[in-house]
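Each chain is listed here by its residues.
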Amino acid sequence: MSGFLRGTGVALATPFNEDGSIDYPGVTSLVDFCVKGNIEYLVVLGTTAESVTLSKKDKVELVNHIIKVNNKRLPLVVGIGGNNTQSILDEMKDTDLSDFDAILSVVPMYNKPTQEGIYQHYKTINDNAPLPVLLYNVPSRTGTNMTAETTLRLAKLENIVGIKEAVGDFTQVLKIIKNKPQGFLVISGDDALALPAVAAGGDGVISVVGQGFPEEFSEMIRLGLAGQTQKAFAILYSLLPVLDYAFEEGNPAGIKNILKIKGICDDYLRLPLVSVSKELEGKIKKFIENYK
C-alpha cells in the first residue's frame, strides 16, 4: 500500500511574492518541474513549505492548487503535525484528505515529551488517522530525539508505515534499518545521507535539494535502490557542494535561491526567515552554471 514512498519524494517549498502572498504561478512551475524530473511523490505542507507561517486559509488554497496542478500525476503526502495531539486529530478530521496517499507527522516540538509521551502521541494519531502515517524525526528542529527503540515500538502499529529520519546520527538510522519489521519504510530526511541510508537498506528520501535537481536526485536514489552504488555515488559527489550551500544559511532559504537561479520561482520568504546573503547566492550561482 505504501510502496509509492520508495524512491524520491520532495518537500515542496512555498513560492511567495514580494508582498508575502503565495505565488501561485511559481507553485505551478515548481510542481511541473518536479513531475518532469521523474521524482516519485510530492510532500505538501512540510517544514520546507514554511508551513508554520501559513494561515489556515493559505494552507487550504495552497493544497487545492497543488492538487489541481498535480492532476493525479504523482502521489501526494501531506504534513499534519505539531505539539498538541488533539489539534492534530482535529486537523485530520477537518481536512479533505481524499487526494492524499499518506500523512507525514513530525515529533512534537517545544514541549519536549518523554519517549513514552512520543509513543502515546503517535499511537493516538495511529488510532485516528484515515491514511497511512509516516513518522518524522528531526531533533535539530524539535529539540527532542525519538530514539530507535521508540521508532521500532511504533513500527508495530497498523497505520504507521515508515519514518522520515533526519536524526543526523547514522548509527541510529542503522539500528532502525537492522531491526525494523518487514515492510516498514526507512526514508532519509537528510539529503547528504540519503544514498548511504539506501545502500544500508533504506527506502529512499524526502528531499529538499531534490526539487532543485529532480532528475539527478531521483536517478541517484533509483540507482542506489538497484544496487548500482558506484554510479549513484558519482551523482552524490557531483552534488555535494550544493547540498552544503542549500543549508548553509538555513532551509528553505537555500533551496529557494537555487529555484530562483534556475528560473522556477522567486526566493522571497516570510519573516522571521530571510533570503540568503549575496555571498552565498554567488556560490550557488557558480555551482549551477558549472554543473555538468
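Preceding block: the structure.
Here the structure is a predicted model, which is why all the values come from computation and not from measurement.

### Comments concerning helix α9 (residues 214-225)
Piece 1. A rise of 1.5 Å per residue sets the reference length of α9, with its twelve residues, at 16 Å; its end C-alpha atoms lie 16 Å apart and thus fit the reference within 8%.
Piece 2. Buried within α9 we find Pro214, Glu216, Phe217, Ser218, Met220, Ile221, Leu223 and Gly224.
Piece 3. Contacts from the buried residues of α9 go to β1 (7-11), α1 (24-36), α8 (194-199), β8 (204-207) and α10 (229-248).
Piece 4. Two residues or fewer past α9, glycine 227 is found with a positive phi of approximately 80 degrees.

### What about the sheet that holds strand β3 (residues 76-79)?
Piece 1. Taking strand neighbours around the barrel as the criterion, the eight strands line up as β1-β2-β3-β4-β5-β6-β7-β8 in a closed arrangement whose pairing is parallel. Each strand axis lies, on average, 25 degrees off the axis of its neighbour in the sheet, ignoring direction.
Piece 2. When strand β5 (residues 133-137) meets strand β6 (residues 160-165), the two strands line up parallel, connected through five bridges. Considered in β6, the bridge of asparagine 137 is made with glutamate 165.

### So, the pattern of salt bridges
Piece 1. All chains considered together, the criterion is met by 13 salt bridges.
Piece 2. Residue arginine 270 is joined to aspartate 58 by a salt bridge in which the shortest nitrogen-to-oxygen separation is 2.9 Å. Remark: aspartate 58 occurs in helix α2 (residues 56-70) and arginine 270 occurs in the loop between α11 (253-261) and α12 (278-290); sequence separation between them is 212 residues. You'll find arginine 270 and aspartate 58 in the same group, each marked buried.
Piece 3. Lysine 123 is the partner of aspartate 127 in a salt bridge, and the nearest nitrogen-oxygen pair spans 3.1 Å. Of this pair, aspartate 127 and lysine 123 both sit in helix α4 (residues 115-128), four residues apart, roughly one helical turn.
Piece 4. For aspartate 127, a relative accessible area of 48% gives the class partly exposed.
Piece 5. Each of the salt bridges in this network shares a partner with another, and the network as a whole consists of Glu40, Glu219 and Arg222.

### Here we look at the packing of aromatic side chains
Piece 1. Counted by the stated rule, this structure contains five aromatic pairs.
Piece 2. Relative to tyrosine 237, the ring of phenylalanine 233 has its centre 5.8 Å away and its plane inclined at 40 degrees; by these criteria the two rings are tilted. Of this pair, phenylalanine 233 and tyrosine 237 both sit in helix α10, four residues apart, which is roughly one turn of that helix.
Piece 3. The class of tyrosine 237 is exposed, set by a relative accessible area of 55%.
Piece 4. Here the aromatic cluster, defined as three or more aromatic residues joined through ring pairs, consists of Phe213, Phe287 and Tyr291.
Piece 5. When the ring centre of tyrosine 119 is taken as reference, the NZ or CZ atom of arginine 153 above it lies at 3.6 Å.
Piece 6. When the ring centre of tyrosine 136 is taken as origin, the NZ or CZ atom of lysine 164, which lies over that ring, is 4.2 Å away.

### Concerning unusual backbone geometry
Piece 1. In this model, asparagine 251 is joined to proline 252 through a cis peptide bond whose omega is 10 degrees.
Piece 2. Within the secondary structure, proline 252 sits in the loop between α10 and α11.
Piece 3. Cis geometry is found at the peptide bond from leucine 271 to proline 272, where omega equals 15 degrees.
Piece 4. Topologically, proline 272 is positioned in the loop between α11 and α12.
Piece 5. Positive phi, close to 55 degrees, is recorded for glutamate 50, a residue that is not glycine.
Piece 6. By secondary structure assignment, the location of glutamate 50 is in the loop between β2 (41-44) and α2.
Piece 7. Backbone geometry places asparagine 71, a non-glycine residue, at a positive phi of 50 degrees.

Conventions and cut-offs
Residues numbered from 1 in each chain as written. Predicted model: local features only at pLDDT ≥ 70, side-chain atom pairs only at ≥ 80, totals over all residues. Heavy atoms only, no water. Helix = DSSP H or I, 4+ residues; strand = E, 2+ residues; numbered from the N terminus. Expected span 1.5 Å × (residues − 1). Buried < 20%, exposed > 50% of the residue type's maximum accessible area, 1.4 Å probe, protein only. Contact = heavy atoms within 4.5 Å. Pairing = 2+ DSSP bridges. Axes fitted to C-alpha atoms, helices over the stretch in contact; angles between N-to-C directions. Salt bridge = Lys/Arg side-chain N within 4 Å of Asp/Glu carboxyl O. Phe/Tyr/Trp six-rings, centres within 6.5 Å; stacked < 30°, edge-to-face > 60°. Lys NZ or Arg CZ within 6 Å of the ring centre and 35° of its normal.

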